[in-house]
Amino acid sequence: MVEFQPSIAIIGSGPAGCYTAQFLRKEWPHAEICVFEALPVPYGLLRYGVAADHQGTKAVAAQFDRLFERENVRFAGNVAVGKNLAFEELASNFDIVVLATGLNSDRGLTAEVDPSSRVLGAGSLLKALNGHPEVDLPLLPNGALTPLGERLAVVGNGNVAMDTIRILSKPLHNFQGSDVDDKRLSELRAERVRSIDVFGRSPISNAKFDLSMLKEILHLPSVTIGVTGLTEALEGCQRYQLLSQHESPASDGVSDSRVRVTFHFEADPLCVSKRGDRSLLTVRRSTQDLPSEFEVDTIITATGFENKHCEAATGNVEDWVGKNVFRTGWLSRNGKGTVAENRREAKAVSQAIITQFKAGDLPVCAKGFAAIEKTIEPYVVDFRGWKNIDSHELATANPDRCRRKITDVPKMLSIAAPSKFGQQAKSGNMIRMV
Amino acid sequence: MIKVLFGTESGNSEMAAEDIAQYIRDSGESAQLVPMEDCDVSELAGAGLAIVITSTYGEGELPETTQPFYDSLAEIRPDLSALKFAAFGLGDSTYETYGNGIDVVSALLRELGAQQVGDTGRHDAAKGLALSQVAVDWVRKYLPELGRLAA
Ligand SMILES: Cc1cc2nc3c(=O)[nH]c(=O)nc-3n(C[C@H](O)[C@H](O)[C@H](O)COP(=O)(O)OP(=O)(O)OC[C@H]3O[C@@H](n4cnc5c(N)ncnc54)[C@H](O)[C@@H]3O)c2cc1C
Ligand SMILES: Cc1cc2nc3c(=O)[nH]c(=O)nc-3n(C[C@H](O)[C@H](O)[C@H](O)COP(=O)(O)O)c2cc1C
């Protein structure tokens with residue numbers, strides 16, 4: 001007798017959704033598994049978060065390709081659940097639903113911010129540089145991205161902050177082998193970046209960045225380093241040893257063409273106001289009685305991620321609940337953790353699903369994909385459609401680049417399935433993702 | 001029977017192990033996939049022939065499922081003089097400690113008496129070459145020898 005195998009819908013094709021598909025497939029070789037993705041292209045922040053010059057990290061995509069190419073997991077791209085397919089319709093037609101939709105926005109600052117000052121999220125910035133079709137950054141009247149300016153502040157001390165610093169201070173000719181969006185990068189860096197002041201609330205010993213991320217910045221030929229806020233000597237702490245030799249803010253070398261990157265530890269932003277054309281960041285520092293002011297062109301916040309439902313055309317995932325509904329990835333972990341941590345959690349969530357299913361705690365016998373096929377038919381891009389986009393992106397890469405991403409959804413659609421979407425697909429089917 | 005042991009953090013080593021095991025089977029030998037976290041190190045000597053695969057994390061450290069395997073080998077110190085193994089490592093050459101993980105594990109296996117067959121294979125994620133291809137090309141080179149040893 002063949003064991004009954006459930007029908008499974010996974011919402012979101014980022015690492016969390018794909019790892020979950022992987023573990024559930026191992027348990028149930030014949031179950032129907034479908035991964036729904038709002039964009040025509042898969043893999044979430046593996047494609048749009050992980051920095052364009054860290055291609056090695058993106059290589060896990062080969063595992064996920066295999067799911068769709070060989071292991072009979074279905075990719076339903078360009079289907080935003082909550083917009084193109086009601087959550088209720090989905091949840092009533094699949095035995096098991098896994099929400100792996102991630103988080104859509106930068107968290108920003110808790111400090112008081114004058115709305116006319118220039119503050120943007122590191123997630124939005126890195127998404128843009130990764131060629132995301134939705135750009136949530138200020139534009140010039142001619143449609144180009146507004147240059148970030150010469151003096152920048154980065155708030156946050158995690159790896160996303162380190163990615164931001166590296167990408168904004170690395171020589172433009174040093175992006176070989178990446179798939180950075182060159183046009184956007186040169187627009188954002190149209191004015192030569194002279195300084196980046198980096199603010200972290202914690203002491204250096206608790207700063208969240210990985211040592212290897214710091215070393216990468218220290219090794220850039222194009223930067224000089226400065227440090228403030230080292231309140232205690234920490235023998236045996238490698239980051240302390242690497243940074244303490246640079247104590248005191250990096251010298252303001254006007255003649256120096258390098259970017260001066262100054263790490264301020266134990267520095268907490270109090271407020272952001274406007275001064276002339278610039279933004280004024282006021283910071284409380286453990287080493288000083290009075291708050292310090294930093295006048296910069298742009299403040300970039302790398303303070304974590306959250307879901308802003310008011311901005312999502314897909315409704316509020318918090319309302320997506322049910323006995324057969326599970327959550328994983330950044331959605332369940334509040335935007336924390338690396339790609340590999342999603343694998344660990346996906347394994348645990350899959351185990352919980354399997355246990356509940358086997359105990360008879362979950363409903364069974366939903367109709368599965370066939371029941372919703374008609375609803376999504378006008379939109380859906382299958383895995384072959386994505387492979388068409390992928391081949392196109394690889395084939396049109398500029399010299400020294402591994403890929404050139406297509407940055408608008410209508411063009412993606414017309415390359416994915418020309419006969420279905422025609423050459424002039426409308427851009428109405430875009431949801432606000434960032 | 002060739003045991004294909006893998007330790008991983010983001011799953012790449014598992015994929016390499018699956019492809020290597022599949023290639024061995026397609027070539028007419030038998031292969032068994034063993035996640036390192038499920039491996040009883042006191043039975044390792046009896047395996048006769050193993051392919052050992054691991055990635056590298058942190059600053060040249062072992063990935064999460066290799067670490068406990070390594071720790072129990074180091075603690076129990078089984079006599080592995082009856083074990084022959086081939087080694088394949090995953091890493092990323094943008095890190096200073098490129099591919100350190102497999103070297104650390106191989107060194108301990110040799111210290112415990114195991115004999116390494118062939119050169120350590122390596123996949124560099126920064127190079128953009130497909131992992132499957134690199135892994136299978138590597139095992140193809142050594143399979144005749146491994147097959148002879150397994151017989
Ligand atoms: C800038 C940045 C850099 C990073 N760099 C690294 C790194 O170098 N190394 C590392 O290990 N980790 C890195 N990370 C972390 C890593 O990206 C995350 O751990 C991981 O992507 C989280 O996976 P997820 O699947 O939960 O979410 P996501 O990757 O965000 O995937 C969610 C997916 O769900 C889709 N979706 C959302 N709503 C809907 C809907 N209603 N219907 C259908 N689909 C929907 C989205 O389009 C998206 O594709 C980085 C993160 C960021 C932001
Ligand atoms: C946080 C982190 C640290 C890493 N450190 C190293 C390292 O020190 N040396 C190295 O060669 N590779 C390093 N890597 C690269 C991995 O070994 C490589 O991506 C490998 O393919 C992962 O295989 P796995 O999925 O089996 O764990 C690191 C990767 C990450 C995400």
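Higher on the page you've got the structure.
Definitions and cut-offs
- Residues numbered from 1 in each chain as written.
- Chains lettered and ligands numbered in written order.
- Predicted model: local features only at pLDDT ≥ 70, side-chain atom pairs only at ≥ 80, totals over all residues.
- Heavy atoms only, no water.
- Phe/Tyr/Trp six-rings, centres within 6.5 Å; stacked < 30°, edge-to-face > 60°.
- Helix = DSSP H or I, 4+ residues; strand = E, 2+ residues; numbered from the N terminus.
- Buried < 20%, exposed > 50% of the residue type's maximum accessible area, 1.4 Å probe, protein only.
- Lys NZ or Arg CZ within 6 Å of the ring centre and 35° of its normal.
- Near = heavy atom within 4 Å.
- Polar contact = N/O pair within 3.5 Å; in protein donor to acceptor, adjacent residues only side chain to side chain.
- Nonpolar A, V, L, I, M, F, W, Y, C, P; charged D, E, K, R; others polar.

### Description of the packing of aromatic side chains
Within the structure shown, the criterion is met by 14 aromatic pairs over all chains. Pairing Trp28 of chain A with Phe357 of chain A gives two aromatic rings, centres 5.1 Å apart and planes at 75 degrees, and the pair type is edge-to-face. One end of the pair, Trp28 of chain A, is in the loop between α1 (15–27) and β2 (32–36); the other, Phe357 of chain A, is in helix α12 (residues 339–358), and 329 residues separate them in sequence. For the pair shown, Trp28 of chain A and Phe357 of chain A are each scored as buried. Summarising the aromatic geometry, the rings of Phe88 of chain B and Trp138 of chain B are spaced 5.3 Å apart at their centres and angled 50 degrees between planes, so their arrangement reads as tilted. One end of the pair, Phe88 of chain B, is in strand β4 (residues 84–91); the other, Trp138 of chain B, is in helix α4 (residues 131–150), with 50 residues separating them in the sequence. You can call Phe88 of chain B buried: its relative accessible area is 0%. Clustering of aromatic rings is evident, with ring pairs tying together Phe4, Trp28 and Phe357 of chain A. A cation over a ring is seen here: Arg74 of chain A above Phe369 of chain A, with NZ or CZ 3.6 Å from the ring centre. Arg239 of chain A extends its terminal NZ or CZ atom over the ring of Phe209 of chain A, reaching a point 5.1 Å from the ring centre.

### Points about the site of ligand 2
Residue and element names in this part refer to chain B. The environment of ligand 2 is made up of 19 residues, and the closest members are Thr8, Ser10, Ser13, Thr97 and Gly99. The contact in question runs from an oxygen atom of ligand 2 to an N or O atom on the backbone of Asn12, over 2.7 Å. Note that an oxygen atom of ligand 2 is positioned 2.8 Å from one of the side-chain N or O atoms of Ser55. Contributions of two or more residues to the shell around ligand 2 are made by α1 (12–26) and β4. Among the residues forming the shell around ligand 2, the class breakdown is 4 nonpolar, 12 polar and 3 charged.

Honestly, that's just the spatial picture; any functional story needs more than this.
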